[in-house]
Amino acid sequence: MIWSLYATLGYNMWYTELPEVPFEDEAWKILVDKAVENGFNQIVLDLGEGVRYGSHPELAHPGAWTRERVREEVKALRARGIELIPKLNFSAGHDMWLGDYGKMIGLPEYYRVCRDLITEVYNLFDKPRYIHLGMDEEDDPQFFKQMELVTYRRGELLWHDLQYLCDCVRDMGSTPWIWGDIPFIHHEEFFKRIKPGNIMISPWNYRGLKEEHYTPIETKPAYYEKYAPLGYKYVEQDPLCVRYMERSVPTAEAGYDIVPCASICFGCMYNPDDVVEYFMQNAPYDHLAGFMIAPWKSTEMKNIDEIVKNMEMLKAARDKFCK
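Residues numbered from 1 in each chain as written. Predicted model: local features only at pLDDT ≥ 70, side-chain atom pairs only at ≥ 80, totals over all residues. Heavy atoms only, no water.

S.K.: Help me understand unusual backbone geometry in this model?
M.R.: Outside of glycine, negative phi angles account for most residues, and trans bonds account for most peptide bonds. Positive phi, normally seen in glycine, also occurs at M135, with a value near 65°. Looking at where M135 falls in the secondary structure, it is placed in the loop between β4 (130-134) and α4 (155-172). The class of M135 is buried, set by a relative accessible area of 1%. Even without being a glycine, E137 presents a positive backbone phi close to 50°. (Helix = DSSP H or I, 4+ residues; strand = E, 2+ residues; numbered from the N terminus. Buried < 20%, exposed > 50% of the residue type's maximum accessible area, 1.4 Å probe, protein only.)

Laid out in structure tokens, this is it:
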């Protein structure tokens, strides 16, 4: 079973472009050591602008790993029992790292660059089992409110690009891995368009899964302002959380392999326990490939305590519910 840590190298996937890669070798060493200590067997590394790609060196920012460094890290981690999985987020909401290419969605140049990068990381990571494509918050207009330039896929373009990116990964011999957003927002359509087998899906929800662990909207002014007009009593009544509870297990039951992702990034300390217990009790075991924890922090010393805390909490959940 996969026990995975999401970690970052590049970080230009959100609202502000950083001039240098926010990554520190000291923090990386501790992160890897603690991953081994806590029994993790995989790290999914978000690359972004953090690699000096041979095919597109213009994407790298100061502090990016060389291709030699990538190969060395893959070998070093493998020797310690950890597979290093590359992640390239091609979601229109998380592709600032692509520079001008991110503004070319739908054009031939865009598709060429995507294939170039997928091909290169497949070789750099020595034929990884999976390549994570991101694709979260792709078709959610609410997410784009903070952006000055809004570009995202809808309708046929969404399905065309998802299939194209997955095919690029499969053509190399790896399995594409995506977040659960598109499968859950477009549930029935996803079943029709993307067949099970040779794709991995990560349902993500960082709130409580049990009612006794729900977050009352009164706990933060921002929660109250957002949810009180809708008549919600708990943050977990948000449609994102509702879809997660309604559609995660049926997706696995339909034959899709899943790796549920937990996190304490929103302050819900029950989340890792809830996630592991829920899926161990309810998901079909033959399609429950494992679990992931995502601290959602850059790999820097200022964040290392929180990163390690996330790992320790997933280990504790594994020890409780996976005996």
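S.K.: Whenever I open this one, the packing of helix α1 (residues 25-37) against helix α10 (residues 304-321) confuses me. Can you help?
M.R.: Axis angle and axis distance: for two packed helices, these are the angle between their axes and the distance between the axes, and together they describe the pair. For the pair α1 and α10, interaxial distance at closest approach is 10 Å and the crossing angle is 15°. With respect to each other, α1 and α10 are oriented roughly parallel. Considering how the two elements wind past one another, α1 and α10 form a crossing that is right-handed. Every residue of α10 that contacts α1 at A27, I30, L31, K34 and A35 is listed here: I304, I307, V308 and M311. Tallied by class, the residues present in the contact of α1 with α10 amount to eight nonpolar, no polar and one charged. (Axes fitted to C-alpha atoms, helices over the stretch in contact; angles between N-to-C directions. Parallel < 35°, antiparallel > 145°, perpendicular 65-115°, else oblique. Left-handed = near helix turned anticlockwise from the far one by under 90°. Contact = heavy atoms within 4.5 Å. Nonpolar A, V, L, I, M, F, W, Y, C, P; charged D, E, K, R; others polar.)

S.K.: I would appreciate a short explanation of the pattern of salt bridges in the present structure.
M.R.: Opposite charge on two side chains lets them pair, provided their charged atoms get close. Summed over all chains, the structure comprises 23 salt bridges. The salt bridge involving R115 is made with D171; its shortest N-O contact spans 3.4 Å. Taken together, the residues span a long stretch of sequence, with R115 in helix α3 (residues 108-124) and D171 in helix α4 at a distance of 56 residues. Residue class for R115 comes out partly exposed when judged on its relative accessible area of 30%. Overall, D171 belongs to the exposed group, its relative accessible area being 54%. Counted as one network, the salt bridges with shared partners bring together D25, R69 and E73. (Salt bridge = Lys/Arg side-chain N within 4 Å of Asp/Glu carboxyl O.)

S.K.: Help me understand α4, please; the structure alone is not making it clear to me.
M.R.: Side chains three or four residues apart in an α-helix point the same way, a direct result of the helix having 3.6 residues per turn. With 18 residues, α4 extends 27 Å between its outermost C-alpha atoms, agreeing within 8% with the 26 Å of an ideal straight helix rising 1.5 Å per residue. Listed as buried for α4 are L158, W159, D161, L162, Y164, L165, C166, C168 and V169. G173 sits one or two positions beyond α4 and adopts a positive phi of about 105°. (Expected span 1.5 Å × (residues − 1).)

S.K.: Would you explain the nonpolar core in this entry?
M.R.: One recurring pattern in soluble globular proteins: nonpolar side chains tend to sit buried together. If you look at the biggest cluster of nonpolar residues, it comprises 83 residues, and the most contacted ones within it are W28, L31, I43, F90, L133, F190 and F279. Among the elements that make up this core, the one with the highest residue count is α3 (nine residues). By size, the runner-up hydrophobic cluster in this structure holds 14 residues, among which are I85, W179, V259 and M292. (Core = buried A, V, L, I, M, F, W, Y, C linked by side-chain atoms within 4.5 Å.)

S.K.: So what exactly am I meant to see when it comes to the side chain of S202 here?
M.R.: Looking at the secondary structure, you find S202 in strand β6 (residues 200-202). On the basis of relative accessibility, which here comes to 0%, the residue S202 falls in the buried class. In contact with S202, other than residues within four places in its own chain, are W177, I178, W179, G180 and V259.

S.K.: I'm lost on the environment of E225 in this one. Help?
M.R.: The residue E225 is located in helix α7 (residues 221-227) in this model. As a C-alpha pair, E225 and K34 span 191 residues in sequence and 39 Å in three-dimensional space.

S.K.: When you look at the packing of helix α8 (residues 239-253) against helix α9 (residues 271-282) in this model, what are you seeing that I'm missing?
M.R.: Two elements in contact, α8 and α9, have axes whose closest approach is 11 Å; the angle formed by their N-to-C orientations is 45°. When the axes of α8 and α9 are compared, the pair comes out oblique. In the crossing of α8 with α9, the sense of the turn from one axis to the other is right-handed. Facing α8, whose interface residues are Y244, M245, S248, V249 and E253, α9 presents V275, Y278, F279 and N282.

S.K.: Looking at this structure, how should I read the state of the cysteines?
M.R.: Two cysteines form a disulfide when their sulfur atoms are joined by a covalent bond. The full count for this structure, using the stated rule, is zero disulfides. With no disulfide of its own, C114 lies closest to C168 among cysteine sulfurs, the gap being 7.1 Å. Assessed through its relative accessible area of 1%, C114 is described here as buried. Cysteine C265 is unpaired, with the sulfur of C261 as its nearest cysteine sulfur at 8.5 Å. (Disulfide = S-S within 2.5 Å.)

S.K.: Is there a simple way to think about the packing of aromatic side chains in this case?
M.R.: Geometry of an aromatic ring pair is reported as the spacing of the ring centres plus the angle between the planes. Following the criterion strictly, the structure yields 21 aromatic pairs and no others. Judged by centre distance (4.9 Å) and plane angle (50°), the ring pair of Y11 and W14 falls under tilted. With relative accessibility at 23%, the residue W14 sits in the partly exposed group. Ring plane angle 85° and centroid distance 6.0 Å describe the contact between Y244 and F279, whose orientation is recorded as edge-to-face. Taken together, the residues span a long stretch of sequence, with Y244 in helix α8 and F279 in helix α9 at a distance of 35 residues. By relative accessible area, which is 1% here, Y244 ends up buried. Through successive ring pairs, a cluster of aromatic residues spans Y6, Y11, W14, W179 and W296. Against the face of W3 rests R318, its NZ or CZ located 5.4 Å from the ring centre. (Phe/Tyr/Trp six-rings, centres within 6.5 Å; stacked < 30°, edge-to-face > 60°. Lys NZ or Arg CZ within 6 Å of the ring centre and 35° of its normal.)

Remember that the coordinates give geometry; whether it matters functionally is a separate question.
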